[in-house]
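# Examination of the molecular architecture
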Amino acid sequence: MSDPTLLTISGSLRRNSYNRMLLKEAAAAFGPARVIEADLRFPLYDADQEEAEGVPGEVSVLAEQIRTADAVVISSPEYNKGISGVMKNALDWVSRVKGPVFKDKPTVVMSANAGRTGGETGQFMLLSCLVPLQPMVLPGPLLCVAGAGDEFDEAGALTNERYRNVLAKRMEALRALVA
Ligand SMILES: Cc1cc2nc3c(=O)[nH]c(=O)nc-3n(C[C@H](O)[C@H](O)[C@H](O)COP(=O)(O)O)c2cc1C
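Throughout this document, residue positions are counted from 1 along each chain, in the order its sequence is written. Only residues with pLDDT of at least 70 get local features here, since the model is predicted, and only at 80 or more are side-chain atom pairs given and counted; chain-wide, interface and lining totals rely on the full set of residues. To obtain the side-chain values, all non-hydrogen atoms of the structure were used and water was disregarded.

### Remarks on the packing of helix α1 (residues 18-30) against helix α6 (residues 161-178)
- One way to put it is that α1 packs onto α6 with a least axis distance of 8 Å and a crossing angle of 55°. Judged by the angle between their axes, α1 and α6 are oblique. Taken as a pair, α1 and α6 cross one another with a handedness that is right-handed. Contacts between α1 and α6 involve L22, E25, A26, A29 and F30 on the former and, on the latter, R164, L167, A168, M171, L174 and R175.
- Of the residues in the contact of α1 with α6, the class split is eight nonpolar, no polar and three charged. Every axis corresponds to a line fitted to the C-alpha atoms, with the helix fit spanning only the stretch in contact, and the corresponding angles, defined between N-to-C directions, vary from 0 to 180 degrees. Numbering of helices and strands starts at the N terminus; helices are DSSP runs of H or I of at least 4 residues and strands are runs of E of at least 2. Geometric relationships in this document are graded by angle, where less than 35 degrees denotes roughly parallel, more than 145 denotes roughly antiparallel, 65 to 115 denotes roughly perpendicular, and other angles denote oblique. Put simply, a crossing is left-handed when the front helix is turned counterclockwise from the back one by less than a right angle, and right-handed when it is turned clockwise. We call two residues in contact whenever any of their non-hydrogen atoms come within 4.5 Å of each other. Side-chain classes follow a simple rule in which Ala, Val, Leu, Ile, Met, Phe, Trp, Tyr, Cys and Pro form the nonpolar group, Asp, Glu, Lys and Arg form the charged group, and the remainder, Gly included, forms the polar group.

Below, the structure is given as C-alpha cells:
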C-alpha cells in the first residue's frame, strides 16, 4: 500500500511560526506519508467577489488538498483568545466550495502559543468553527504548547518530553484511523 497523504494546515503565516514547527513534528510523528503543507494566503472572504468571480483558485487548491488527503492536522495560534483571522478566513472560504470537502476527514487539531495556556481558548473556538464542516475530529488529550518560544530548539524540534508524548499519541491514533 502506498503512503497516506497527510495535509498540514497552519493558522499562522509566519515563516518561523511555532505552529508550523509543531506541524513538522506532527508529520514526523505520523510516520511515512506524503506530506502537503497548505497555504492559507487567501483574499478576505467577500460575497461580492464570490458572486462575480467564484471561489478563488487558491481556495479550490486547498479544498482539493483536503478532499484528497487521508488525514489532516491543523495547528493554529490563538489571537486575543480566539481563532486566528487567517484560519477563520480559510474555513469560511472552504465552506463555500461545493461538495463535502471536509466531511468525515480524520483530523487532529493542536496549537502553540506564547502565552501560559498554549492557545487552549482559541483551540476550542477553532473546534467550534469546524463543526459545520463536519470533519472527524479525533478526541483526545489536548495539545496546547504553552510558552512556545522556549519549547522548540533552533532546528525547530519540540524539546519538551511531555508535549512530545502527547503528540506521539495523537499521531498514532490518527495513523491507526487511516490505516
Ligand atoms: C494579534 C495577536 C494576538 C495574540 N494573542 C495571543 C493570545 O490570545 N494568547 C497567546 O498565548 N498569545 C497570543 N499572541 C502571541 C502568539 O502566541 C505568538 O505571536 C505566537 O508566536 C503566534 O504563533 P506562531 O508562532 O505560529 O506565529 C498574539 C499575537 C498576536 C500577533
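### Regarding unusual backbone geometry
- Positive phi, close to 50°, is recorded for N80, a residue that is not glycine.
- Mapped onto the secondary structure, N80 falls in the loop between β4 (78-79) and β5 (82-83).
- Buried residues are those whose accessible area, probed at 1.4 Å on protein chains only, stays under 20% of the maximum for their type, while exposed residues exceed 50% and partly exposed ones sit between those limits. Classification of N80 as exposed rests on a relative accessible area of 82%.
- Positive phi, normally seen in glycine, also occurs at D104, with a value near 65°.
- As for its placement among the helices and strands, D104 is situated in the loop between α4 (85-94) and β6 (106-112).
- A relative accessible area of 48% means that D104 is categorised as partly exposed.

### With respect to the packing of aromatic side chains
- Any two rings among Phe, Tyr and Trp, with Trp reduced to its six-membered ring, count as a pair given centres within 6.5 Å; such a pair is stacked if its planes are under 30 degrees apart, edge-to-face if over 60, and tilted if neither. Tallied over the full model, the rule gives two aromatic pairs.
- Measuring from ring centre to ring centre gives 5.8 Å for Y18 and F152, while their planes differ by 10°; the resulting arrangement is stacked. Of this pair, Y18 sits in helix α1 while F152 sits in the loop between β8 (144-145) and α6, and the two are 134 residues apart along the sequence.
- By relative accessible area, Y18 is classed as partly exposed at 28%.
- With centroids separated by 4.8 Å and ring planes inclined at 70°, the aromatic side chains of Y45 and W93 adopt a geometry described as edge-to-face. Here Y45 is found in the loop between β2 (34-37) and α2 (47-53), whereas its partner W93 is found in helix α4, with 48 residues between them in sequence.
- Taking the relative accessible area as the measure of exposure, Y45 reaches 31% and is therefore partly exposed.
- When the NZ atom of lysine or the CZ atom of arginine is within 6 Å of a ring's centre and also within 35 degrees of its normal, the charge is said to sit over that ring. Positioned above the aromatic ring of Y18, the side-chain terminus of R14 is 5.2 Å from the ring centre.

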